[in-house]
Amino acid sequence: MSDTEKDILFNLEEVNKKIEIAAKKSGRRREDIFLLPVTKTMPTEKMQVVYDYGIKAFGENKVQEILDKYDKFPNDTKWHLIGHLQTNKVKYIIDKVTLIHSVDSEKLAEEIDKKASAAGIVMDILVEINVALEDTKFGIKLEETEEFIKRISKLKNIRIKGLMTVAPYVENPEDNRHYFRELRKLSVDIGKKNIDNVYMDILSMGMTNDYEIAIEEGSNMVRVGTGIFGKRNYNI
Ligand SMILES: *Cc1c(COP(=O)(O)O)cnc(C)c1O
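Turning to helix 6 (residues 145-152), a few remarks are in order. By the burial criterion, the buried members of helix 6 are Thr145, Phe148, Ile149 and Ile152. Along the long axis of helix 6, the arc covered by the buried residues comes to 95°, so they all point the same way. Contacts from the buried residues of helix 6 go to strand 4 (97-103), helix 5 (106-119), strand 5 (123-129), strand 6 (158-165), helix 7 (177-192) and strand 7 (198-204).

So, on to the pattern of salt bridges. One pass over the structure, following the stated rule, counts 23 salt bridges. A salt bridge links lysine 6 to aspartate 3, with the nearest nitrogen and oxygen atoms 3.9 Å apart. Of the two residues, lysine 6 and aspartate 3 both sit in helix 1 (residues 3-25), three residues apart, roughly one turn of that helix. For lysine 6, a relative accessible area of 45% corresponds to the partly exposed category.

All right, on to the packing of aromatic side chains then. Enumeration over the complete set of coordinates arrives at five aromatic pairs. Taking 6.2 Å as the distance between ring centres and 50° as the angle between the ring planes, the aromatic pair formed by tyrosine 51 and phenylalanine 73 counts as tilted. Of this pair, tyrosine 51 sits in helix 2 (residues 44-53) while phenylalanine 73 sits in the loop between helix 3 (63-70) and strand 3 (78-81), and the two are 22 residues apart along the sequence. Each of the two residues, tyrosine 51 as well as phenylalanine 73, counts as buried. Within the aromatic cluster, the residues linked to one another by ring pairs are Tyr51, Phe58, Tyr70, Phe73 and Trp79. We note lysine 96 situated over the ring of tyrosine 70; from NZ or CZ to the ring centre the distance is 5.4 Å. Here the basic side chain of lysine 161 rests over the ring of tyrosine 199, its NZ or CZ set 5.5 Å away from the ring centre.

This paragraph deals with the side chain of lysine 69. You can see lysine 69 is positioned in helix 3. Its relative accessible area of 7% is what places lysine 69 among the buried residues. Within the structure, the side chain of lysine 69 is placed 2.9 Å from the backbone oxygen of methionine 42, a separation counted as a polar contact. Other than its neighbours up to four places away in sequence, lysine 69 contacts Thr39, Lys40, Thr41, Met42, Thr44, Met47, Glu60 and Trp79.

This part covers the environment of isoleucine 149. With respect to the secondary-structure elements, isoleucine 149 resides in helix 6. For the pair isoleucine 149 and isoleucine 160, spaced 11 residues apart in sequence, the C-alpha to C-alpha distance is 8.0 Å. Every residue in contact with isoleucine 149, bar those within four places of it in the chain, is listed here: Val127, Ile160, Leu163, Ile190, Ile195, Val198 and Met200.

Taken N-terminus to C-terminus, the directions of helix 1 and helix 2 make an angle of 50°; their axes are 10 Å apart at the nearest point. On the basis of their axis angle, the class for helix 1 and helix 2 is oblique. For the pair helix 1 and helix 2, the sense of crossing is right-handed. Every residue of helix 2 that contacts helix 1 at Thr4, Glu5, Ile8, Leu9, Leu12, Glu13 and Asn16 is listed here: Lys46, Val49, Val50 and Tyr53. When grouped by side-chain class, the residues that make up the contact of helix 1 with helix 2 number six nonpolar, two polar and three charged.

What counts, and where the lines are drawn
- Residues numbered from 1 in each chain as written.
- Predicted model: local features only at pLDDT ≥ 70, side-chain atom pairs only at ≥ 80, totals over all residues.
- Heavy atoms only, no water.
- Buried < 20%, exposed > 50% of the residue type's maximum accessible area, 1.4 Å probe, protein only.
- Helix = DSSP H or I, 4+ residues; strand = E, 2+ residues; numbered from the N terminus.
- Arc of directions from axis to C-beta.
- Contact = heavy atoms within 4.5 Å.
- Salt bridge = Lys/Arg side-chain N within 4 Å of Asp/Glu carboxyl O.
- Phe/Tyr/Trp six-rings, centres within 6.5 Å; stacked < 30°, edge-to-face > 60°.
- Lys NZ or Arg CZ within 6 Å of the ring centre and 35° of its normal.
- Polar contact = N/O pair within 3.5 Å; in protein donor to acceptor, adjacent residues only side chain to side chain.
- Axes fitted to C-alpha atoms, helices over the stretch in contact; angles between N-to-C directions.
- Parallel < 35°, antiparallel > 145°, perpendicular 65-115°, else oblique.
- Left-handed = near helix turned anticlockwise from the far one by under 90°.
- Nonpolar A, V, L, I, M, F, W, Y, C, P; charged D, E, K, R; others polar.

Right under this line is the structure:
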């Protein structure tokens, strides 16, 4: 086994342990939390280690990267689009991804609906929320989320499965705890409204730096890149 392989397996075990501890703190079990390995910029050899370990799901933030890697994995692989999605690129991935985490406009929701309809499928989506109102981030404002969801819930070929956020980058992950708590509360509130076609059973929040806190506050899907693969090199 190569050192790289050993490192990835070691990291996966560590992340799993930490997920389990955080899950217990919030009265849940390890199995209640979905670990999504984030594989952007990672070569397929490294991704293969994760796949062989048994996690057959990858989070990518670019359409082109999904297209480049798609054929290199068996068709039981689940591809999640976690980055910003341009309307004109929906057509390339509509039949390839399992979950789109980053729906942040009505125009995008409508385009996904249209292309899903043409492909004869219903696409699962999450609504991306800009919890800290950062200019650099995409997403709907917390207070506009319910209205937004009500509007897009009328689209027949998308299924609204929950909410997603990319919290601010902070030195101390405790600083993000209140954002996670707010998003979880919003998810519960919207869930209680029993809006047709709205499920609110996925809460995609927490990355390498803050996934334990996110889980303690109710996340059930964490997106972990660096914590599994080590630092990304954007120059290759
Ligand atoms: C890159 C990325 C991640 C993973 O970030 P890490 O800090 O490496 O864990 C999670 N979510 C999104 C949307 C990303 O773009």
